[in-house]
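# Report on the structure
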Amino acid sequence: MALHLLWLSLTLLGALQTQAQDSSPNLIPAPPLTRVPLQRNFRADQFQGKWYVVGLAGNAVSQTEDGQFTMYTTNYELKKDRSYNVTSTLLRNQTCQYFVRTFVRTSRPGQFRLGNIRAYPGLQRYTVRVVATDYTQFAMVFFKKVSQNRGYFKVTLYGRTKELPQELKENFSHFAKSLGLTDDNIVYPVPIDTCIDDE
């Protein structure tokens, strides 16, 4: 009888796990931060300013589902405490939308956490890491968040201009794939002028 109950319990548990997996997409696991480089000798003052999002890759990004993705900008404004006010500007439903966050510095220069995390229900952790930058042309930034016990990550390729050399795009694609992402998880937003060039 006990063996029969154990078998029944295991069968039910397996069915519930299968149902849970079917109700949410299978995400590529987020890599540990030890696998993500950090820009050496990060210079916060030189990193600030406006960046165009030239490339975007992540475990919740899909070329097939997202269709044509339009370019947006992110502006980093350095505060006295060496944290950033971060404003993303994008065109959505023919309207300019602005998202403002605070990235708080950590003990590791070039790595930040999201400020006021309690304002985002379900969000447990949010880490930002500058992977590489030359400050004047490009930057690659890694974002990792845990929301409702699910791990999400993305990498953005920033440009000070809307176009970057093909070699930088290839390096970005190679880096994204080294984290387990596929071609389908990598998009290059279509450049636009509306909203993102308004000052």
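Here the residue index of a chain counts from 1 through its sequence in written order. Whole-chain, interface and lining totals are the exception, using all residues; otherwise, since this is a predicted model, local features are given only for residues with pLDDT of at least 70 and side-chain atom pairs are given and counted only at 80 or more. Based on all heavy atoms of the structure, the side-chain values leave hydrogens and waters out of the count.

Our next topic: the state of the cysteines. For this text, the term disulfide refers to a pair of cysteine sulfurs within 2.5 Å. Evaluation of the coordinates by the stated rule reveals 1 disulfide. Disulfide partner of C96: C195, at an S-S distance of 1.8 Å. Judged by the sign of its S-S torsion, about -90°, the cystine formed by C96 and C195 is left-handed. Here C96 is found in strand 4 (residues 95–105), whereas its partner C195 is found in the segment after strand 9 (186–187), with 99 residues between them in sequence. Helix and strand assignments follow DSSP, with helices taken as H or I runs no shorter than four residues and strands as E runs no shorter than two, numbered in order from the N terminus.

We call Phe, Tyr and Trp rings a pair once their centres come within 6.5 Å, taking the six-membered ring for Trp, and we label the pair stacked below 30 degrees between planes, edge-to-face above 60, and tilted otherwise. The tally for this structure, following the rule as stated, stands at 17 aromatic pairs. Plain terms: the ring middles of F69 and Y72 are 6.3 Å apart, the flat faces sit at 70° to each other, and that makes the pair edge-to-face. Summary of the burial criterion: residues with accessible area below 20% of their type's maximum are buried, those above 50% are exposed, and those between are partly exposed, where the area comes from a 1.4 Å probe applied to protein chains only. Taking relative accessible area as the criterion, Y72 reaches 12% and is therefore assigned buried. Consider the rings of Y76 and Y84, whose centres lie 5.3 Å apart with planes at 85°: the pair is edge-to-face. Summarising the burial analysis for this pair, Y76 and Y84 share the class buried. Feature note: the residues F42, F47, W51, Y76, Y84, F103, F112, Y126, Y135, F143 and Y158 constitute an aromatic cluster, connected by ring pairs. Over the ring of Y152 we find K145, and its NZ or CZ is 5.5 Å from the ring centre. Placement of a positive charge over a ring is assigned whenever Lys NZ or Arg CZ falls within 6 Å of the ring centre and within 35 degrees of the normal to the ring plane.

With that out of the way, let us pick up the pattern of salt bridges. Here, a salt bridge means any side-chain nitrogen of Lys or Arg that lies within 4 Å of a carboxyl oxygen of Asp or Glu. Applying the stated rule across the entire model yields 4 salt bridges. Across the salt bridge formed by K162 and D193, the nearest N and O atoms sit 2.7 Å from each other. With K162 in the loop between strand 8 (150–159) and helix 4 (166–178) and D193 in the segment after strand 9, this pair connects stretches of sequence that are 31 residues apart. Overall, K162 belongs to the buried group, its relative accessible area being 18%. With a relative accessible area of 54%, D193 lands in the exposed category. The closest approach of N and O atoms between K162 and D197, which form a salt bridge, is 2.6 Å.

This brings us to the nonpolar core. Counting residues in hydrophobic clusters, the biggest one holds 26 residues, and the most contacted among them are F42, F47, Y76, Y84, F103, F143 and Y158. Within the residue set of this core, elements represented by two or more residues are helix 2 (44–47), strand 1 (49–58), strand 2 (73–78), strand 3 (84–92), strand 5 (111–114), strand 6 (123–133) and strand 7 (138–147). The element that contributes the greatest number of residues to this core is strand 6, accounting for 4 residues. Should any heavy atoms of two residues lie within 4.5 Å, those residues are considered in contact. With sequence-adjacent residues up to four places away left out, F143 is seen in contact with Y76, F103, Y126, T127, V128, Y152, F153, K154, T156 and Y158. What makes a nonpolar core is a set of buried Ala, Val, Leu, Ile, Met, Phe, Trp, Tyr and Cys residues whose side-chain atoms join them at distances within 4.5 Å. Residues V36, Y52, V155 and I192 belong to the second largest nonpolar core, which totals 23 residues.

Purely geometric stuff here, so don't read any function into it on its own.
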